[in-house]
Amino acid sequence: MRLKDKTILVTAAGQGIGHASAIACAREGAKVYAADINEETLSTLPGECPGIEIHKLDVCDRAAVDALAKKLPALDGLFNCAGFVHNGSVLDITEDDWAFSFELNVTSMYRMTQAFLPGMRERAKVTGTASILNMSSMASSIKGFPMRTAYGATKAAVIGLTKGVAADFVKEGIRCNALCPGTVDTPSLRGRIASAPDPVEAEKNFIARQPMGRLATVDDMTPMIVYLLSDESRFVSGQALLVDGGVTI
Ligand code: NAD
């Protein structure tokens with residue numbers, strides 16, 4: 001059990017990578033608090049694996065985030081997974097699109113970290129360590145992709161946020177890392193494919209940019225997520241870790 005006795009909060013746990021991560025962490029012995037804005041998709045989780053408690057949470061709602069931080073015990077692990085993909089070039093992005101992308105993809109992580117870090121610091125005084133994992137992407141400061149300017153800018157900012165938190169709290173045993181996946185087959189990716197003018201072509205293009213010749217599954221992501229939230233990664237902090245099927249070779 002790689003996460004035995006750990007308490008871990010996962011956002012965006014209703015579907016996709018967050019959902020799979022909540023299950024993977026619970027299977028490794030963690031007590032998992034699974035949060036999402038969508039209560040309906042969250043509701044299946046406790047039946048899928050013991051050790052998961054669900055909480056409706058909008059990570060953009062400061063009062064709700066603070067209230068949850070008061071309600072939960074101090075965390076050993078925080079996985080800030082919530083995020084949104086804006087599709088468009090710089091000429092297509094409205095002020096509202098830009099603001100929303102930063103609000104959900106970056107500001108929510110600052111907010112969650114500010115709310116939960118005090119408890120994690122106390123916890124780290126007892127256990128020696130606690131881990132924050134922020135969801136970034138290969139589409140960030142690492143690599144540019146067509147029609148992903150707002151998204152890439154937010155995910156680059158996530159790496160900056162991650163390094164700042166890592167630098168400030170490294171001496172207290174708090175680690176903070178960013179995960180940078182390739183293209184992962186999740187409900188929102190299926191939505192992006194379905195809403196393309198030619199969905200068959202769109203799927204082909206998503207696969208073509210993956211040198212391994214296939215999309216990632218959520219289960220390609222969870223081993224790295226469990227590792228980064230576990231003590232196995234105790235000497236790793238401030239890093240942006242790519243799990244991208246070779247895109248950035
Ligand atoms: P998804 O996009 O299919 O699901 C996102 C989940 O976030 C949903 O359950 C939704 O209800 C929840 N959510 C949305 N707004 C929220 C809010 N305000 N508060 C709380 N929850 C909210 O899942 P995914 O594709 O696995 O993406 C998860 C994360 O991984 C995102 O940050 C995304 O940018 C990142 N990512 C995804 C891919 C990919 O190819 N799928 C690649 C790299 C990074």
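Now for a look at the structure at hand. Here the structure is a predicted model, which means the values were calculated and not measured.

**A closer look at the nonpolar core**
Logical step 1: Ranked by size, the top nonpolar core spans 64 residues in total, and within it Leu9, Ile52 and Phe116 carry the most contacts.
Logical step 2: Look past the residues within four positions of Phe116 in its chain and what remains in contact with it is Leu9, Val65, Leu68, Ala69, Leu72, Leu75 and Leu78.
Logical step 3: Residues Met138, Phe145, Tyr151 and Val247 belong to the second largest nonpolar core, which totals 6 residues.

**Notes on the packing of aromatic side chains**
Logical step 1: Applying the stated criterion across every chain, the model contains 2 aromatic pairs.
Logical step 2: Seen from their ring centres, Trp98 and Phe102 are 5.0 Å apart, and the 40 degrees between their planes marks the pair as tilted. Taken together, the residues Trp98 and Phe102, both in helix α5 (residues 95–127) and 4 residues apart, mark about one turn of the helix.
Logical step 3: The ring of Phe145 has Lys143 lying over it, and the distance from NZ or CZ to the ring centre is 5.5 Å.

**Regarding the pattern of salt bridges**
Logical step 1: The final tally for this structure, using the stated rule, is 12 salt bridges.
Logical step 2: In this structure, the salt-bridge partner of Lys4 is Asp5, at a minimum N-O distance of 3.5 Å.
Logical step 3: For Asp5, a relative accessible area of 58% translates into the label exposed.
Logical step 4: The closest approach of N and O atoms between Asp231 and Lys6, which form a salt bridge, is 2.9 Å. Taken together, the residues Asp231 in the loop between α9 (218–229) and β7 (240–243) and Lys6 in the segment before β1 (7–10) connect sequence positions 225 residues apart.
Logical step 5: Judged by its relative accessible area of 32%, Asp231 is partly exposed.
Logical step 6: Each of Asp185, Arg190 and Glu203 takes part in a single network of salt bridges with overlapping partners.

**Things to note about the site of the ligand**
Logical step 1: The environment of the ligand is made up of 29 residues, and the closest members are Gln15, Asp36, Val184, Thr186 and Ser188.
Logical step 2: The contact in question runs from an oxygen atom of the ligand to an N or O atom on the side chain of Asp36, over 2.6 Å.
Logical step 3: For the ligand, a nitrogen atom lies 3.0 Å from a polar atom in the backbone of Val59.
Logical step 4: Of all elements in the fold, only α1 (16–27), α6 (149–169) and α7 (187–194) reach the threshold of two or more residues within the shell around the ligand.
Logical step 5: The element that contributes the greatest number of residues to the shell around the ligand is α7, accounting for 3 residues.
Logical step 6: Here the shell around the ligand is composed, by residue class, of 14 nonpolar, 11 polar and 4 charged.
Logical step 7: Split by domain, the residues of the shell around the ligand number at least three in each of domain 1 (7–181 + 221–242) and domain 2 (186–215).

Reading the values: the criteria
Residues numbered from 1 in each chain as written. Predicted model: local features only at pLDDT ≥ 70, side-chain atom pairs only at ≥ 80, totals over all residues. Heavy atoms only, no water. Core = buried A, V, L, I, M, F, W, Y, C linked by side-chain atoms within 4.5 Å. Buried < 20%, exposed > 50% of the residue type's maximum accessible area, 1.4 Å probe, protein only. Contact = heavy atoms within 4.5 Å. Phe/Tyr/Trp six-rings, centres within 6.5 Å; stacked < 30°, edge-to-face > 60°. Helix = DSSP H or I, 4+ residues; strand = E, 2+ residues; numbered from the N terminus. Lys NZ or Arg CZ within 6 Å of the ring centre and 35° of its normal. Salt bridge = Lys/Arg side-chain N within 4 Å of Asp/Glu carboxyl O. Near = heavy atom within 4 Å. Polar contact = N/O pair within 3.5 Å; in protein donor to acceptor, adjacent residues only side chain to side chain. Nonpolar A, V, L, I, M, F, W, Y, C, P; charged D, E, K, R; others polar. Domains from an automatic or database assignment.

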